[in-house]
Amino acid sequence: MDFDTFNATQIRIARPTDHFKQVTEFYEQGIGLKRLTEFTGHEGYTGVILGLPGAAYHLEFTTHTSGSPCPAPTKDNLLVFYIPEKTEINRITKRLKDMGYSEVAPENGYWKEKGVTIEDPDGWRVVLMNTKGI
């Protein structure tokens, strides 16, 4: 990826959680991301890296033996997945609902127009947006 002032080969968003199992299930089984790798026992940390195979961006979730609190920020801090096929959004939404995660009203009404907003086990919000992206 070429940026104006530097090059990078990957982007990873890393987040701690005290709900490691539930968060991993939400993104892996609910959303459908692939487990790319995982680790345990790294100075007390256990983690999983999820993403789209071959993509240069990933989500990492970690937990520590001493605890890993990560309170959710505002209701308008979002992770947005742009999904052009509405049927795919419907499948993901159903899987998540079956797991106990229902749609919530977005803070910003824009996301309601073509998207579905769902909170993960830590209260962080995910939008499944029915567009091709930007």
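Residues numbered from 1 in each chain as written. Predicted model: local features only at pLDDT ≥ 70, side-chain atom pairs only at ≥ 80, totals over all residues. Heavy atoms only, no water.

Trainee: Can you walk me through a nonpolar patch on the surface in this structure?
Mentor: A surface patch of nonpolar side chains, about 670 Å² in accessible area, is lined by Met-1, Phe-3, Phe-6, Ile-11, Ile-13, Leu-52 and Tyr-57. When you line up the elements, Ile-13 lands in strand E1 (residues 11–16). (Patch = residues over 30% accessible without salt bridge, like charges linked within 9 Å, V, L, I, M, F, W, Y side chains within 5 Å. Areas by Shrake-Rupley, 256 points an atom, 1.4 Å probe, with all protein chains shown as cover. Salt bridge = Lys/Arg side-chain N within 4 Å of Asp/Glu carboxyl O. Helix = DSSP H or I, 4+ residues; strand = E, 2+ residues; numbered from the N terminus.)

Trainee: Would you explain the packing of aromatic side chains in this entry?
Mentor: The description of an aromatic ring pair uses the distance of the two centres, along with the angle that the planes make with each other. As enumerated under the stated definition, the model contains four aromatic pairs in all. Between Phe-26 and Tyr-27, the ring centres sit 4.8 Å apart and the planes meet at 70 degrees, which makes this aromatic pair edge-to-face. Comparing Phe-26 with Tyr-27 shows no difference in burial state: the two are buried. With a centroid separation of 5.0 Å and an interplanar angle of 75 degrees, the aromatic rings of Tyr-110 and Trp-111 are classed as edge-to-face. A residue is classified by how much of its surface remains accessible, and Trp-111, at 14% relative accessible area, is buried. An aromatic cluster of three or more residues is present, and its members are Phe-26, Tyr-27, Phe-61 and Tyr-101. (Phe/Tyr/Trp six-rings, centres within 6.5 Å; stacked < 30°, edge-to-face > 60°. Buried < 20%, exposed > 50% of the residue type's maximum accessible area, 1.4 Å probe, protein only.)

Trainee: Where do I start with the packing of helix H1 (residues 20–31) against helix H2 (residues 86–98) in this structure?
Mentor: A pair of packed helices can be characterised by two numbers: the angle between their axes and the separation between those axes. H2 packs onto H1 with a crossing angle of 135 degrees between their chain directions and a minimal axis gap of 9 Å. When the axis of H1 is compared with that of H2, the two are oblique. Every pair of crossing elements has a handedness; the one defined by H1 and H2 is right-handed. Contact residues: Phe-26, Gln-29, Gly-30 and Ile-31 in H1; Ile-92, Arg-95 and Leu-96 in H2. (Axes fitted to C-alpha atoms, helices over the stretch in contact; angles between N-to-C directions. Parallel < 35°, antiparallel > 145°, perpendicular 65-115°, else oblique. Left-handed = near helix turned anticlockwise from the far one by under 90°. Contact = heavy atoms within 4.5 Å.)

Trainee: Sorry, what's going on with the sheet that holds strand E6 (residues 115–119) here?
Mentor: Taking strand neighbours across the sheet as the criterion, the three strands line up as E5-E7-E6 in an open arrangement whose pairing is mixed. Of all the strands in the sheet, the pair left with one neighbour each is strand E5 (78–82) and E6. Each neighbouring strand pair of the sheet contributes to a mean axis angle of 20 degrees, computed without reference to strand direction. Here E5 runs beside strand E7 (residues 125–129); their pairing, made up of five bridges, is parallel. By the bridge assignment for E7, Val-80 is matched with Val-127. Taken strand by strand, H1 contacts E5, E6 and E7, and its axis lies near 15 degrees from that of E7. Seen against the sheet, H2 touches E6 and E7 and runs at an angle of roughly 150 degrees to E7. (Pairing = 2+ DSSP bridges.)

Trainee: Whenever I open this one, the nonpolar core confuses me. Can you help?
Mentor: Soluble globular proteins tend to bury their nonpolar side chains together. If you look at the biggest cluster of nonpolar residues, it comprises 20 residues, and the most contacted ones within it are Phe-26, Tyr-27, Ile-31, Phe-61 and Leu-128. Looking at this core, the elements with two or more residues in it are H1, strand E3 (45–51), strand E4 (57–64), H2, E6 and E7. Ranked by residue count, the leading element in this core is H1, at five residues. Once residues within four sequence positions are removed from consideration, Phe-26 is found in contact with Ile-31, Leu-96, Met-99, Tyr-101, Ile-118, Glu-119, Asp-120, Pro-121 and Val-126. (Core = buried A, V, L, I, M, F, W, Y, C linked by side-chain atoms within 4.5 Å.)

Trainee: What am I meant to see in the environment of Ile-49 here?
Mentor: Position of Ile-49 among the secondary structure elements: in strand E3. For Ile-49, a relative accessible area of 6% translates into the label buried. Spatially, the C-alpha atoms of Ile-49 and Leu-59 are 5.6 Å apart, while their sequence positions differ by ten residues. Not counting residues within four places of it along the chain, the set of residues in contact with Ile-49 comprises Arg-12, Lys-34, Arg-35, Leu-36, Thr-37, His-58, Leu-59 and Glu-60.

Honestly, that's just the spatial picture; any functional story needs more than this.
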